[in-house]
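Close look at the chain arrangement
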Amino acid sequence: MLNNLREEVRSTALAMLEAGLVVGSQGNVSAKDPATGLIAITPTNMSYDSITKDDIVIVDVDQRLIWGERKPSCETPMHSYIHKHRKDVYAILHTHSHYATIFAIANRGIPPATINLAAYFGGEVRCAPYVRTGSDTMGPINLSYFGEKGEAILLGNHGALFIGSNLHKVLKLAITLEEGANQIYHAALLGNVVPLPPDEIQWLFNNLPGSEIEGQEKEMLKG
Ligand SMILES: [Zn+2]
């Protein structure tokens, strides 16, 4: 069932691990099939470098197991809730990446103070309050922290969460946020994080110069 979607979720989870965004079996990835509304999601407690597509399970938006031998991610309630309530979202990725999680521990948002952060996020990546992992309140509380532009939030004392139209996009958002969090953390150590002017943030978000910053990928992300 949904072989291609399960393979895409597996390869994205492996890419997330190989990019250093999680360790071992931390984090989780899901994708929604546009035709059926069913969700392919990573299994719980299995390292992404050892799983096959048959370890990826299929659930529905009400958390019912539809296909698979494995136990779905412990964060399935959050994934199912967001897939159910955001019709424009087809991919969700959750990481514990190092620098983004440092901001989450401080319960502090990540400002769009680099051109990449401004271009990809168009504003501050907000930090939601701590919610117990795996609980039914993870979905509604965290979803309320995504703004109109926001396709990333921090999960207080926990990690980061990305939603979008496809798996390629959410992985790229996670990599970009981690890079920016690293840079801003270190700039803060120098004593000053100079904000970009709001109109410049808006311009970067709307008109990222293609030649400077992975223009083709940005076009793909916007598509
Ligand atoms: Zn987590």
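Below you will find a few notes about this structure. Quantities reported herein were computed from a predicted structural model and do not represent experimental measurements.

**Some words on the overall build of the chain**
- What the chain contains, in helices and strands, is 8 helices and 8 strands.
- The C-alpha radius of gyration of the chain comes to 17 Å, within 12% of the 17 Å expected for a compact globule of 223 residues.
- Oriented by its inertia axes, the alpha-carbon framework of the chain measures out at about 50 × 35 × 30 Å.
- Per-residue burial for the chain yields a buried fraction of 41% across its 223 residues.
- If you take every contact in the chain between residues at least 6 apart in sequence, the share linking residues at least 24 apart comes to 64%.

**Looking at the nonpolar core**
- Membership of the largest hydrophobic core comes to 56 residues, with the highest contact counts inside it found for Leu154, Ala160, Val170 and Ala174.
- Ranked by residues supplied to this core, first place goes to helix H6 (residues 167-190) with 7 residues.
- Apart from the residues lying within four places of it in its own chain, the contact partners of Ala174 are Met16, Leu21, Leu93, Thr95, Ser97, Ala160 and Phe162.

**Topic: the sheet that holds strand E3 (residues 57-59)**
- Strand order in the open sheet formed by 8 strands is E4-E3-E2-E1-E5-E8-E7-E6, and the pairing between neighbours is mixed. Both edges of this open sheet fall to strand E4 (65-67) and strand E6 (127-128), since each of them pairs with a single strand only.
- Direction of pairing for strand E1 (residues 28-32) relative to strand E5 (residues 91-95): antiparallel, over a ladder of 4 bridges. Directly across from Val29, in E5, lies its bridge partner Leu93.
- Packed onto the sheet, helix H1 (residues 3-18) meets E1, strand E2 (39-41) and E5 and runs at close to 150° relative to E1.
- With respect to the sheet, helix H2 (residues 76-85) is in contact with E1, E2, E3, E5 and strand E8 (159-164), its orientation differing from that of E2 by roughly 150°.

**Quick notes on H1**
- In a regular helix each residue adds 1.5 Å, so 16 residues correspond to 22 Å; H1 covers 23 Å between its end C-alpha atoms and thus fits that length.
- Structurally, H1 contributes buried residues whose contacts are with E1, E2, E5 and H6.
- Note on H1: the residue one or two positions beyond its end, Gly20, has a positive phi of about 80°.

**As for the packing of helix H3 (residues 98-105) against H6**
- Packing of H3 against H6 brings their axes to within 7 Å, and their N-to-C directions diverge by 65°. In the crossing of H3 with H6, the sense of the turn from one axis to the other is left-handed. For the pair H3 and H6, the contacting residues are Tyr99, Ala100, Ile102 and Phe103 in the first and Leu177, Glu178, Ala181, Asn182 and Tyr185 in the second.
- In terms of residue class, the contact of H3 with H6 is made up of 7 nonpolar, 1 polar and 1 charged.

**Some remarks on H2**
- Extensive coverage of H2 is indicated by the burial of 7 of its 10 residues.
- Among all positions in H2, only Thr76, Met78, His79, Ser80, Tyr81, Ile82 and His83 are buried.

**Digging into the environment of Asn207**
- For Asn207, the position within the fold is in the loop between helix H7 (198-206) and helix H8 (215-222).
- Separated by 88 residues in sequence, Asn207 and Ala119 have C-alpha atoms that sit 7.9 Å apart.

**Focus: unusual backbone geometry**
- Although it is not a glycine, Asn45 sits at a positive phi angle of roughly 60°.
- Tracing the backbone shows Asn45 in the loop between E2 and E3.
- If you check the backbone angles, Asn107 has positive phi at about 50° while not being a glycine.
- Examined against the element boundaries, Asn107 turns out to sit in the loop between H3 and helix H4 (115-121).
- What makes Asn107 partly exposed here is the crowd of 13 C-beta atoms within 10 Å.

**What to know about the environment of Ala152**
- Relative to the helices and strands, Ala152 is located in strand E7 (residues 152-155).
- The exposure class assigned to Ala152 is buried, which follows from the 25 C-beta atoms found within 10 Å.
- C-alpha separation for the pair Ala152 and Glu124, spaced 28 residues apart in sequence, amounts to 9.3 Å.
- When sequence neighbours within four positions are dropped, the list of residues in contact with Ala152 reads Phe121, Val125, Ala160, Phe162, Leu173 and Leu177.

**A word on the pairing of E7**
- Residues Ala152 and Leu154 point to one face of E7 and Ile153 and Leu155 to the other, with burial holding for every one of them.
- Taken together, the 2 bridges between E6 and E7 define a ladder with parallel strand orientation. Within E7, the residue paired with Cys127 across the bridge is Leu154.
- Sheet topology places E7 next to E8; 4 bridges connect them, and they run antiparallel. Each residue of the ladder has a partner; that of Leu155, found in E8, is Gly159.
- Counting the residues in the hairpin turn of E7 and E8 gives 3 residues, including Asn157, whose phi is positive at 55°.

Quick notes on the rules
- Residues numbered from 1 in each chain as written.
- Predicted model: local features only at pLDDT ≥ 70, side-chain atom pairs only at ≥ 80, totals over all residues.
- Helix = DSSP H or I, 4+ residues; strand = E, 2+ residues; numbered from the N terminus.
- Rg over C-alpha atoms; globule rule 2.2 N^0.38 Å.
- Buried ≥ 20, exposed ≤ 12 C-beta atoms within 10 Å, placed from the backbone.
- Contact = placed C-beta atoms within 7 Å.
- Core = buried A, V, L, I, M, F, W, Y, C linked by C-beta atoms within 7 Å.
- Pairing = 2+ DSSP bridges.
- Axes fitted to C-alpha atoms, helices over the stretch in contact; angles between N-to-C directions.
- Expected span 1.5 Å × (residues − 1).
- Left-handed = near helix turned anticlockwise from the far one by under 90°.
- Nonpolar A, V, L, I, M, F, W, Y, C, P; charged D, E, K, R; others polar.

In short, shape yes, function no, at least from these values alone.
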